[in-house]
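Letter by letter, the chains look like this.
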Amino acid sequence: MTARRTVDDTAQIADSTDTAAQAPARVGYGTLLRTPGAWRFLAPALVARLPYAMLSMGILLLVTKTHGSYGTAGTVTAVAAVAQALIGPQTGRLADRYGQAAVLVPTVLVHGASVGLLIALALGHAPAWSLFLAAVPAGGSVPQIGAMVRARWVARFTADGPSDAAAARVSTAFAFESVTDEFTFVIGPILASGIAAFANPAAALVAEASLTLVGGLAFAAQRRTAPARIIPEPGVRRASALASPGVRLLAAAFLGVGTVFGGMQVSVNAFADSVGQHDAGGTVYGIFAGGSMLAGVLYGVIAWRRTVQQRMVMSYSMLVLGASVLWAMPNLVALTVAGLVCGLAIAPTLISGYTLVETLVQDGAKTEAFTWLTGAIGLGLAIGSMVAGKLIDGHGPSVGFLVPVVGAGLGLVALVSLRHLLVAPGTPSRVVAGSAERGGAGALVGAVEG
């Protein structure tokens, strides 16, 4: 009897152990932020990232005041955004090869000088073409701090190789970074507008350059937490992260997300103007961004059982659904609700994308890969704002809301039809992955069902 009970007890213990092992791992933000050395790079990174969204608003306000043309101001802003989207990934690639500090220090110095040149040209009422030329280095030299921070989290948590614990921590870290990104996109324009109103638009750009310089240099000084350089073997050429079909697919999907940002910014303000409530535009867009921040916070604390690929398709579908009704909203209240639904889908989509792209490239190309996604958002924002502006001028504010649904819709079609590209080479076709799933060495990879 005793022997039988012992066997039964042992079986129950084994069953409970298996159940516990299969239970999703949970990593809270408190655990994440208590990571040794985390705040040494997070604090300066926040300072350096805060002006990320100040640049476009500062340029828009300054050029509009000095040249009296929204068209010129919008074009200069778009040129800076395109330069950032195309040149930024190249600085990310250099950071992977030579180290973050070696690239970051000259980058922020160039940024400060080029923004200063742009200010001088604008105040001197220089020709528009000279502003376009100055906008290229100003946008191209924006430091890719967000990508570098993500690369540091990955290096910190996967130093001992892929594991369930590493997967959980990386996913939570990416959720935290997404919330930080949203915070800077909300606060940046408000800060730039406030400085411009209190002093002048030139002062807003001076503040942007100063924060970038101080924060960037302080972040670069934290060398201990930087990922190790991956030196290729002699004669072996290191492939770009963009050589991965999965990275290209995610960049295209993020381009669609960027059109949502750009189309929303312009269309919301135009709609508010059309109903005589110009000041309400910022509130509506703020709720849209606030919804994304809230979703990002929740994403990081939920123990997910679905694969990362499934989660991204679901959140992207929700984004398209929310964007599809924006054009039909009859008033600002209804538009705010629809915008909130869109916002709730943004952060989960971005977090899933960053989680996936980390698995698709080698260690020596992760910063570049993250930067391609960030750049794709910026490029989509520029395209979305320009197209929405032209549609609004010709057909009214409601038509401008077609840009988010078309851009996101095309991104969803690409994501669904080519989702098999999001599985890392050599990974079994059914590996459960993500922030909560098991899978051993495949815990950071995941797979597409079916």
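A brief look at the structure comes next. Sequence order sets the numbering: in each chain, residues are counted from 1 along the sequence as written. Predicted model: local features are reported for residues with pLDDT of at least 70 only, side-chain atom pairs are reported and counted for 80 or more only, and whole-chain, interface and lining totals are derived from all residues. To obtain the side-chain values, all non-hydrogen atoms of the structure were used and water was disregarded.

**Remarks on the overall build of the chain**
The helix and strand tally for the chain stands at 17 helices and zero strands. A simple rule labels every residue: compare its accessible area, found with a 1.4 Å probe on the protein chains alone, to the largest value its type can have, and call it buried under 20%, exposed over 50%, or partly exposed in between. Evaluated residue by residue, the chain yields a buried proportion of 52% over its 450 residues. We call two residues in contact when some of their heavy atoms are within 4.5 Å. Looking at the chain alone, contacts between residues at least 24 apart form 83% of all its contacts between residues at least 6 apart. With an accessible surface of roughly 19,200 Å², the chain has 67% of that area assigned to carbon and sulfur atoms. Put simply, DSSP H or I for four residues or longer makes a helix, DSSP E for two residues or longer makes a strand, and each gets a number counted from the N terminus. Computed with the Shrake-Rupley method and a 1.4 Å probe, the accessible areas treat only the protein chains shown as cover for residues.

**Considering the environment of Gly389**
With respect to the helices and strands, the residue Gly389 is situated in helix α15 (residues 366–395). Owing to a relative accessible area of 18%, Gly389 belongs among the buried residues under this scheme. In this structure, the C-alpha to C-alpha distance between Gly389 and Gly262, residues 127 residues apart in sequence, is 9.6 Å.

**Remarks on the side chain of Glu368**
Locating Glu368 in the fold gives a position in helix α15. Look past the residues within four positions of Glu368 in its chain and what remains in contact with it is Pro89, Gly92, Arg93, Asp96, Ser240, Ala241 and Leu242.

**Re the packing of aromatic side chains**
Between the rings of Phe, Tyr and Trp (Trp by its six-membered ring), a pair exists once the centres lie within 6.5 Å; its type follows the angle of the planes, with under 30 degrees stacked, over 60 edge-to-face, and the other angles tilted. Tallied over the full model, the rule gives seven aromatic pairs. Between Phe254 and Tyr354, the ring centres sit 5.5 Å apart and the planes meet at 90°, which makes this aromatic pair edge-to-face. In this pair, Phe254 is assigned in helix α11 (residues 245–274) and Tyr354 in helix α14 (residues 332–360), connecting sequence segments 100 residues apart. Summarising the burial analysis for this pair, Phe254 and Tyr354 share the class buried. An aromatic cluster of at least three residues, connected via ring pairs, comprises Phe174, Phe254, Tyr354 and Phe370.

**Thoughts on the nonpolar core**
The criterion is simple. A nonpolar core is a set of buried Ala, Val, Leu, Ile, Met, Phe, Trp, Tyr and Cys residues joined through side-chain atoms within 4.5 Å. Counting residues in each nonpolar core, the largest one holds 83 residues, and the members touching the most others are Trp153 and Leu335. Among the elements that take part in this core, α14 stands out by supplying 14 residues, more than any other. With residues up to four places along the chain from it excluded, the contact list for Leu335 reads Val268, Phe271, Val284, Leu326, Met329 and Phe401. The next biggest cluster of nonpolar side chains, apart from the first, holds 19 residues, and it includes Ala73, Ala80, Ile119 and Ala202.

**Re the environment of Leu123**
The residue Leu123 is located in helix α6 (residues 100–123) in this model. Residue class for Leu123 comes out partly exposed when judged on its relative accessible area of 48%. Distance in space between the C-alpha atoms of Leu123 and Lys65 is 9.2 Å, their sequence separation being 58 residues. Excluding its chain neighbours within four sequence positions, the residues that come into contact with Leu123 are Leu62, Thr66 and Ala202.

**Re the side chain of Thr212**
Relative to the helices and strands, Thr212 is located in helix α10 (residues 201–220). Since its relative accessible area comes to 2%, Thr212 is described here as buried. Whenever a nitrogen or oxygen atom comes within 3.5 Å of another N or O atom, the pair is scored as a polar contact, on the condition that within protein one atom can donate a hydrogen and the other can accept it, and that pairs from neighbouring residues in sequence are kept only if both atoms are in side chains. Polar side-chain contacts of Thr212 include one of 2.9 Å to the backbone oxygen of Glu208. Residues in contact with Thr212, not counting those within four places in the same chain, are Ala48, Pro51, Val108, His111 and Pro143.

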